[in-house]
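# Descriptive analysis of the structure
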Amino acid sequence: METTILCPTTTFRAMGCQIDLWLEADETTATAAFVSVENLFAKNERILSRFSPTSELSQLNGRSGQWVLVSDLLWDVLEEALIWASATDGLFDPTCLNALEAAGYGVSFEALARVQAHGRFPSDHLLHGQWSAVQLDPSRQAVRLPEGVRLDLGGIAKGFTAQQAVDYLSTLGPCLVNAGGDLVAGDAPVDLPGWPVGVALPSEDLAEATAVAADNALSLWLANAALATSGIDYRRWLVNGRAAHHLINPYTGLPAETDLITATVWAAQAAEAEVRATTALLLGQKDGLHFLQQQPHLAAALIAADGELHLTHTMSNLII
Amino acid sequence: MTTNNKSRRGQQFGSLKVAVATGGLAAVLLGTQLLGRQEAANNTAVAQPEAVVLNIPANMPTTLQTNQAASGSALTQRQVTLDLAPIPQAAVPQIRSAPVIRMAPITQTRSSR
């Protein structure tokens, strides 16, 4: 039986990427809801962006060593990031901003694509891997970063916002959010088992930084869950003639060396999908797949440098 | 006297065994009929086997049986005949295969961009 989904949809840019929304509701309801979600992304970006010097995150990063009162949003996202840093033994590290900038990722990727990055690879100690030294005071909702340490909440902030958007849109009808390649779904569309979504094959042409859809390695139904991909196939640049990318190994402070090109993880919530995809990429094909196979609440598809596609058993069950 | 006492005790044991066997089988019968009604209520297809007649020898060994009681008295030759309703053998679920829905993905997950 061939069928199609006909429901209101919209696209806009926020947080350095393209955001797509679908909401199965009447046009009037959907139009108003889309405006609210766009405002939500804009508001969260103003608070959580590391690229804007006026963002609350940048203000916090500029006051390391001091106690700083923070907003509810920054508190919630930072708390979630630190929980995941602990759960992954620091493999997911929100304190990697110094290392990321040292690797050349000092401006938004949109700006980076226009100019040659003038990064330098660190040769001595950098302030990263300090997540366990970040202090939180719940009674005052205050944060103290260790001296010199700065935060990057990029991926988890985007996932957090996408989840907020789906939580809101779900009160109006079945919905789907694609935040720069990270998907979060509410209820399935009427008469369907989920939203039909694909897992893209890695980009072969690194210079082709476009939003054009790539071919899919596999397809699945997504409902009330999230699907995130972390990869080194897109956000890459050259530093002194050497390839660099945005995925930092927190133990070395350098762009990670991995035999995976992309890691895609299905999870109940966006934050976990995002974190598990990133850490799987850092672990590499063998250890990443082994770890994910032990997590029955997750499903994953890993694409290795040799082009091989590796699936967990749970992912095999989800494929259309 | 000794022979009469043994015979009376044998009769008592025999009656007890008949009562136990009859009661047990009646309970099984009632339970089976109840299950059969539930299956029918669930609209499942139930295989209907032939009715069976069980002949239960009264001297069927039980843990209560003594060596003396087991020896051939007139009572041990009696049989209890029960006509049992058909026992549902298997419930065959009514499985209908779901229609296969084919649809191209409307979006895709990929590296952040």
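Conventions we followed
Residues numbered from 1 in each chain as written. Chains lettered and ligands numbered in written order. Predicted model: local features only at pLDDT ≥ 70, side-chain atom pairs only at ≥ 80, totals over all residues. Heavy atoms only, no water. Core = buried A, V, L, I, M, F, W, Y, C linked by side-chain atoms within 4.5 Å. Buried < 20%, exposed > 50% of the residue type's maximum accessible area, 1.4 Å probe, protein only. Helix = DSSP H or I, 4+ residues; strand = E, 2+ residues; numbered from the N terminus. Contact = heavy atoms within 4.5 Å. Disulfide = S-S within 2.5 Å. Expected span 1.5 Å × (residues − 1). Arc of directions from axis to C-beta. Polar contact = N/O pair within 3.5 Å; in protein donor to acceptor, adjacent residues only side chain to side chain. Buried area = accessible area lost by both parts, 1.4 Å probe. Salt bridge = Lys/Arg side-chain N within 4 Å of Asp/Glu carboxyl O. Nonpolar A, V, L, I, M, F, W, Y, C, P; charged D, E, K, R; others polar. Pairing = 2+ DSSP bridges. Axes fitted to C-alpha atoms, helices over the stretch in contact; angles between N-to-C directions. Phe/Tyr/Trp six-rings, centres within 6.5 Å; stacked < 30°, edge-to-face > 60°. Lys NZ or Arg CZ within 6 Å of the ring centre and 35° of its normal.

### Considering the nonpolar core
Residue and element names in this part refer to chain A. By size, the foremost hydrophobic cluster in this structure holds 43 residues, and its most contacted members are I19, F41 and V177. If one sorts the elements of this core by residue count, helix α7 (residues 270-293) sits on top with eight residues. Not counting the four nearest positions on each side in its chain, I19 is found in contact with T10, T11, F12, A14, F41, V177, N178, A179 and G180. Ranked by size, the runner-up nonpolar core spans 25 residues in total, among them L48, L82, L145 and L153.

### A closer look at the state of the cysteines
Residue and element names in this part refer to chain A. Applying the stated criterion across every chain, the model contains zero disulfides over all chains. Not engaged in a disulfide, the cysteine C175 finds its nearest cysteine sulfur in C7; these two sulfurs lie 9.7 Å apart. You can call C175 buried: its relative accessible area is 0%.

### Describing helix α1 (residues 27-48) of chain A
All names here are of chain A. Between its terminal C-alpha atoms α1 stretches 31 Å, which fits the 32 Å expected from 22 residues at 1.5 Å a residue. Listing the buried residues of α1 in full gives A30, A33, F34, V37, L40, F41, N44, I47 and L48. With its buried residues spanning 155° around the axis, α1 presents them on a single face. Along α1, exposed side chains directed more than 90 degrees from the buried face belong to E27, T28 and R46. Structurally, α1 contributes buried residues whose contacts are with β1 (9-14), β2 (17-23), α2 (56-61), α3 (72-87), α6 (154-169) and β6 (175-179). The N-cap of α1, judged by a side-chain oxygen 3.2 Å from the amide nitrogen of T28 a few residues on, is D26.

### So, the interface of chain B and chain A
The interface is formed by 14 residues belonging to chain B together with 46 residues belonging to chain A. Carbon and sulfur atoms make up 52% of the area that chain B and chain A hide from each other, which totals about 2300 Å². Taken together, chain B and chain A are joined by zero salt bridges. Tallied by class, residues from the side of chain B that touches chain A come to six nonpolar, five polar and three charged. Pairing between strand β8 (residues 195-200) of chain A and strand β5 (residues 107-109) of chain B: three bridges, direction parallel. Bridging from a neighbouring strand, V197(A) pairs with T107(B) of β5(B).

### Here we look at the sheet that holds β8(A)
Across a sheet, strands are paired by hydrogen bonds formed along the backbone, either parallel or antiparallel in direction. Spatial strand order, β9(A)-β8(A)-β5(B): three strands in an open sheet with mixed pairing. Each of the sheet's edge strands pairs with one partner strand only, and the pair in question is β9 (216-222) of chain A together with β5 of chain B. Looking at each pair of strands side by side, their axes are set apart by 35° on average, direction ignored.

### Side note on the pairing of β9(A)
Residue and element names in this part refer to chain A. The buried fraction of β9 is high, at five of seven residues. Here six bridges tie β8 to β9, and the two strands are oriented antiparallel to one another. Each residue of the ladder has a partner; that of A200, found in β9, is N216.

### So, the packing of aromatic side chains
All names here are of chain A. Counted under the stated rule, the structure contains one aromatic pair over all chains. Centre to centre, the rings of F12 and F41 are 5.8 Å apart; their planes meet at 70°, and the pair counts as edge-to-face. Placement of the pair is F12 in strand β1 and F41 in helix α1, with a sequence separation of 29 residues. Neither residue differs from the other here; F12 and F41 are each classed as buried. Lying across the ring of W67, R140 places its NZ or CZ 5.4 Å from the centre.

### Concerning unusual backbone geometry
Residues and elements named next belong to chain A. Of note, D89 is a non-glycine position whose phi angle comes to about 55°, a positive value. Note that D89 resides in the loop between α3 and α4 (97-102). Since its relative accessible area comes to 60%, D89 is described here as exposed. Of note in the backbone geometry, Q141 takes a positive phi value of approximately 55° without being a glycine. Looking at where Q141 falls in the secondary structure, it is placed in the loop between β4 (135-137) and β5 (142-144). Relative accessible area serves as the criterion here: at 22%, Q141 is assigned to the partly exposed category.

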